[in-house]
Amino acid sequence: MSHDRSPHPAAVPQGLVQRSQVQSILLSADSENDPDVLSIIGASAALMVSDIPWAGPLGAVRIGRIDGQFVANPGHSQMADSDLDLVYVGSETELVMFEGSAKEISEADFNAALQFGHACCQPLITAQKELAAKVGKPKREIKVTVVPDEILNEAKTLAGDRILPALLTPGKLAREAAWRAVTDDVGAKLVEKFGEEAVTPFVLKDAFYYIQKEAVRALIMDQGKRLDGRGLDDLRPLSCDVGLLPRAHGSGLFARGETQALCLATLGTIEDAQELDAYTGGESEKQFILHYNFPNFSVGETGRIMGPGRREIGHGALAERSIEPMVPLKEFPYAVRVTSEIMESNGSTSMATVCAGSLALMDAGVPLIRPVAGISIGLCTAPGLPGAPARYRLLTDIIGAEDNFGDMDCKIAGTEKGITGFQLDLKLPGVAHSIMAEALERARVTRLKILQAMGATLPAPGPNSASTPPHPQPQDQPREDRRPHRTRRQEHQTHLRRVGLRNQHRGRRHRADLLAQPRRHGHRPTRGRGTQRRDRSRQALPWQGGYHQGIRLLRRGPPRQGRPRPRQRARQLPRQAGRGHRQARRRDLGQVPGRG
């Protein structure tokens, strides 16, 4: 899990451009308690005692549920019996972040877990306040960079009636092109009026971002309109398909509006499970693996093709833990890998991966307990009267612009019975628990609609139709009684022993061939003093066995004893005309084949 989003909303005041970084370094681990929650608390405490402006502190806790009872900060041994793995982060009054997985927990029980986690955070917040008071370090004065009012007002006036038509243009690319035309025209006029020194590229970018954000939020809050013309509760058009790639064990395509994910499922034997170091405890291998790829072309951009970044790791982990509770790994004798390829992106590709991944697994014949679907719920708020709660509107199935200009991206995945995966990204200092309860109910209703559309495409797991399915281990044999799993190091050591024996045999054959070669090109007879010495010590030479010595035999033959090395011997030969001496010199230098 990536918990760096926990302090982020409150750690960055509006208009602060100076970077702040908090590093958490693990110095020791007891293999029982996961250090991620401690890292959140440590980061909050470090910001409290620093001079960095911050609206903390925050408390963090891991919540498990064992035998129907919530447990705060359970160890790895306890988590084996828990049907909930919830990391909760909260302030004194509101919820800030949550992340984790569950085994089909109901919305009511999930809300109860959030309330339990909030109560557990309060002693941690109190302790951090006492620590900050003892340190007594004042916060630094920061210089907030904002767009001058005269430039911002002039930009609004010049844009005028062109703002809303550009933002309401159907289609993501067409909408971006229409808005770019407005910004280019208005930007040129602003530079002409105020000069290049006042209207820098940074000022233009900040000004147009503020104008666009203000217009989008006004549409939602005052008129109940969204950029793509949907209602606040409407779901974008859905489409599903399976079996697109006949060679793969399973494939599934899920499209929701302009978001499209193609997932491929591959099955292997238990020996193909991924091994983990597990320095901090927990599982040492993964039988179910999900990888998420987000190429640049999915958003119409170019860029360097590099390793997985924060998006790929975080979204892949969320989709993996959302589907894994429904894969019967103990009874299913396979290692399962799902790869998600994002073909097009305009909001919540991680939840599209959950849907496409479920379809691909069912197409591969994996007996899912129940199919899993996911949806993202957004939030837009406006200040209310003093002492009264802020006005807000929840948005179902948000697109990229609503995620960018909105206040929340709450991802909830699950089955028809309950929640299996969840993650909250918040741009506010906190959100009320009552608003989150309403968002969870909105996600449940929408999730059932998506599951209905997925069921119409593939109602149940089908037989594996791939031409070369893997060979499973016997299902009637308990997993404990199977051949013990061999690590990669053990397999490598066995390989080295086999190669060493094979090369030792090859070396002996090579040496026998050398002794049997006849005299030629003026060389001395094969039988000589050095050869006899080699014959007497044949059984005791250290170079007879071993992997590296076997390679030496293949490349150079047996070591020379009782005569000088080739280059030294070549220099000792007289420089006289004669075919035999010239051939011997060239042969010793490796230019022509010979005895070596």
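Everything discussed here concerns the structure shown above.
The numbering scheme is per chain: residues are counted from 1 as the chain's sequence reads. The model is predicted, so local features are restricted to residues of pLDDT at least 70 and side-chain atom pairs to those at 80 or more, both for listing and for counting; the totals for chains, interfaces and linings are taken over all residues. Think of the side-chain values as coming from all heavy atoms in the structure, minus any hydrogens and water.

Caption draft 1: Here's a closer look at unusual backbone geometry. The omega angle of the peptide bond from G56 to P57 is 10°, so this bond is cis rather than trans. Helix and strand definitions follow DSSP, with helices as H or I runs of at least four residues and strands as E runs of at least two, each counted in order from the N terminus. Along the chain, P57 turns up in the loop between α2 (36-49) and β1 (59-66). Even without a glycine there, the phi angle at S31 is positive, about 65°. By the element assignment, S31 lies in the loop between α1 (8-11) and α2.

Caption draft 2: Seen up close, the packing of helix α5 (residues 149-159) against helix α7 (residues 172-194). Under this scheme, a helix contributes an axis fitted over its contacting stretch, all axes are lines through C-alpha atoms, and angles between N-to-C directions fall in the 0 to 180 degree range. Contact pair α5 / α7: the axes reach a minimum separation of 10 Å and the direction vectors enclose 135°. When the axis of α5 is compared with that of α7, the two are oblique. Between α5 and α7 the crossing geometry is right-handed. For the pair α5 and α7, contact is made by E150, I151, E154, A155, L158 and A159 and by V182, V186, K189, L190, K193 and F194, respectively. Classes in brief: Ala, Val, Leu, Ile, Met, Phe, Trp, Tyr, Cys and Pro nonpolar; Asp, Glu, Lys and Arg charged; the others, Gly included, polar. The residue makeup of the contact of α5 with α7, split by class, is 8 nonpolar, no polar and 4 charged. These descriptions rest on fixed angle ranges, namely under 35 degrees for roughly parallel, over 145 for roughly antiparallel, 65 to 115 for roughly perpendicular, and the rest for oblique. The crossing is said to be left-handed when, going from far helix to near helix, the turn is anticlockwise and less than a right angle, and right-handed when the turn is clockwise. We call two residues contacting when some pair of their heavy atoms lies within 4.5 Å.

Caption draft 3: Region of the structure containing the state of the cysteines. Put simply, a disulfide is two cysteine sulfurs that come within 2.5 Å. Tallied over the entire structure, the rule returns 0 disulfides. The thiol sulfur of C121 is not disulfide-bonded, and the nearest other cysteine sulfur, from C120, lies at 7.0 Å.

Caption draft 4: Highlighting the pairing of strand β6 (residues 250-256). Residue burial is assigned from relative accessible area. The probe radius is 1.4 Å, only protein chains are included, and a residue is buried under 20% of its type maximum, exposed over 50%, and partly exposed in between. Taken across its 7 residues, β6 has 7 buried, putting it largely inside the fold. Because side chains alternate across β6, one face comprises the buried residues G250, G252, F254 and R256, and the other comprises S251, L253 and A255, equally buried. Taken together, the 5 bridges between strand β5 (residues 238-242) and β6 define a ladder with antiparallel strand orientation. Among the inter-strand pairings, C240 is bridged to a residue of β6, identified as F254. Sheet topology places β6 next to strand β7 (residues 259-268); 7 bridges connect them, and they run antiparallel. Pairing of G252 across the sheet is with C263, part of β7. One requirement defines pairing of two strands: DSSP has to find at least two bridges between them.

Caption draft 5: Structural context of the sheet that holds strand β3 (residues 84-90). Across the sheet, 8 strands lie side by side as β2-β1-β3-β4-β15-β14-β12-β13; this open sheet has antiparallel pairing. Of all strands in the sheet, those bounded by a partner on one side alone are β2 (69-72) and β13 (391-396). In this sheet, neighbouring strand axes are inclined to one another by 20° on average, regardless of whether the strands run parallel or antiparallel. As defined by bridge partners, β1 adjoins β2 across 4 bridges and the pair is classed as antiparallel. Paired with G64 across the strands is V71, a residue of β2. Those strands touched by helix α12 (residues 433-457) are β3, β4 (95-105), β12 (373-382), β13, β14 (408-414) and β15 (419-426), and its axis lies near 145° from that of β12.

The values reported here are purely geometric and, on their own, carry no functional implication.
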